[in-house]
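# Close look at the chain arrangement
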Amino acid sequence: MSSGGQPEIATFAAGCFWGVEHIFLKHFPPAENKGILKTAVGYTGGKEDAKNPDYRTVCTGTTDHAEAVRIEFDPSIVKYDELVEFFYRIHDPTTKNQQGKDVGTQYRSAIFYHSPEQLEIAKRVTEEVQKKHFDPHGTKIVTELVPAGEWWDAEEYHQKYLHKNPTGYQCPNHRLHW
C-alpha cells in the first residue's frame, strides 16, 4: 500500500468467477505491485432473503446472485477507471446472463459500485467503451451498474481456483478482446 493511501474495493461480475479472478491476477499480480492487493470470488446481487448462498444454490438461479470477483486495490497505483476498462476487455458485455457456454443469471455482466464516484466512473467508461469498441459492430453493452450489496465469499476451493488447478475449466470468453 502506498504511503497515506487507503485501499478501495471494486466488484465485477463477468461470467464464471474462476476466469475473471485469474485474468485480473495475471495482468495485475499483487507480487509485482501493479495495484491489486487481493481478490476474493463470491456471490452478490441476489434476493434479500437469500442469505449466505453456496455454489450449488446459486447455480439453480433461484437466488439471483452473480458469481463475482471482489478486488481490493491501491488507487495510487491503479485507478478504478483502469479496472473498469479492463473488466470490459476480458469478457463479452453484450450478452445477457451468459458468457460463452455458461448461461444463467449468475453469469451476468455487472459492475457493483461502492460509491457515487465509482458509479460516475463506471458510466463514463461504459460510454467510452461502447463508442469505441461496440458501436462500430452494431452491438450494445448490457452490463448492469448496480449498488454493491451484501457479499458472501465463495467456498474455499473456488478461491484462486485456476492458480491451484491450471488445467481447470476456463471460459474461452475470458481473454483480452482488444
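Note that the coordinates shown come from a computational prediction; the quantities given were computed from them, not determined experimentally. (Residues numbered from 1 in each chain as written. Predicted model: local features only at pLDDT ≥ 70, side-chain atom pairs only at ≥ 80, totals over all residues. Heavy atoms only, no water.)

Across its full length, the protein holds 5 helices and 8 strands. Across the protein, helices and strands are ordered from the amino to the carboxyl terminus as β-α-β-α-β-α-β-β-β-α-β-β-α. Computed over the C-alpha atoms, the radius of gyration of the protein is 15 Å, within 12% of the 16 Å expected from 2.2 N^0.38 for a compact globule of 178 residues. Expressed as a percentage of its 178 residues, the buried residues of the protein come to 47%. A separation of at least 24 residues holds for 79% of the contacts in the protein among residues at least 6 apart in sequence. Roughly 8900 Å² of accessible area belongs to the protein as shown, and the carbon and sulfur atoms make up 51% of that amount. (Helix = DSSP H or I, 4+ residues; strand = E, 2+ residues; numbered from the N terminus. Rg over C-alpha atoms; globule rule 2.2 N^0.38 Å. Buried < 20%, exposed > 50% of the residue type's maximum accessible area, 1.4 Å probe, protein only. Contact = heavy atoms within 4.5 Å. Areas by Shrake-Rupley, 256 points an atom, 1.4 Å probe, with all protein chains shown as cover.)

Our next topic: the packing of aromatic side chains. Taken as a whole and assessed by the stated rule, the structure comprises 12 aromatic pairs. When the ring of F134 is compared with that of W178, the centres are 6.2 Å apart and the planes differ by 80 degrees; the resulting orientation is edge-to-face. Here F134, found in helix α4 (residues 116–134), pairs with W178, found in the segment after α5 (161–164); they are 44 residues apart in sequence, far enough to count as distant. Put simply, the rings of F12, F24, F28, F73, Y80, F86, F87 and Y88 pair up and form one aromatic cluster. (Phe/Tyr/Trp six-rings, centres within 6.5 Å; stacked < 30°, edge-to-face > 60°.)

Bringing the sheet that holds strand β1 (residues 8–14) into the picture now. The sheet built from 6 strands is open, its strands ordered β7-β6-β1-β3-β2-β8 with mixed pairing. Looking at strand neighbours, the two that pair on one side only are β7 (144–147) and β8 (151–153), the edges of this open sheet. Neighbour-to-neighbour, the strand axes of the sheet open up by a mean angle of 35 degrees, direction not taken into account. Pairing between β1 and strand β6 (residues 109–113): 4 bridges, direction antiparallel. Within β6, the position partnered with A14 by the bridge is S109. Against the sheet, helix α1 (residues 17–27) contacts β1, β2 (36–44) and β3 (66–73), and its axis sits at roughly 170 degrees relative to β2. (Pairing = 2+ DSSP bridges. Axes fitted to C-alpha atoms, helices over the stretch in contact; angles between N-to-C directions.)

With that settled, consider the packing of α1 against helix α3 (residues 80–89). In contact at an axis separation of 11 Å, α1 and α3 are set at 125 degrees when each is read in the N-to-C sense. When the interaxial angle is binned, α1 and α3 end up oblique. Crossing hand, α1 versus α3: right-handed. Within the contact between the two elements, α1 uses I23, F24 and H27 and α3 uses L83, F86 and F87. Taken together, the residues of the contact of α1 with α3 break down into 5 nonpolar, 1 polar and no charged. (Parallel < 35°, antiparallel > 145°, perpendicular 65-115°, else oblique. Left-handed = near helix turned anticlockwise from the far one by under 90°. Nonpolar A, V, L, I, M, F, W, Y, C, P; charged D, E, K, R; others polar.)

Attention now goes to the pairing of β3. Among the 8 residues in β3, 6 count as buried, and that is most of the element. Bridge count between β1 and β3: 5 bridges; the pairing is antiparallel. Its bridge partner lying in β3, T11 is registered against R70.

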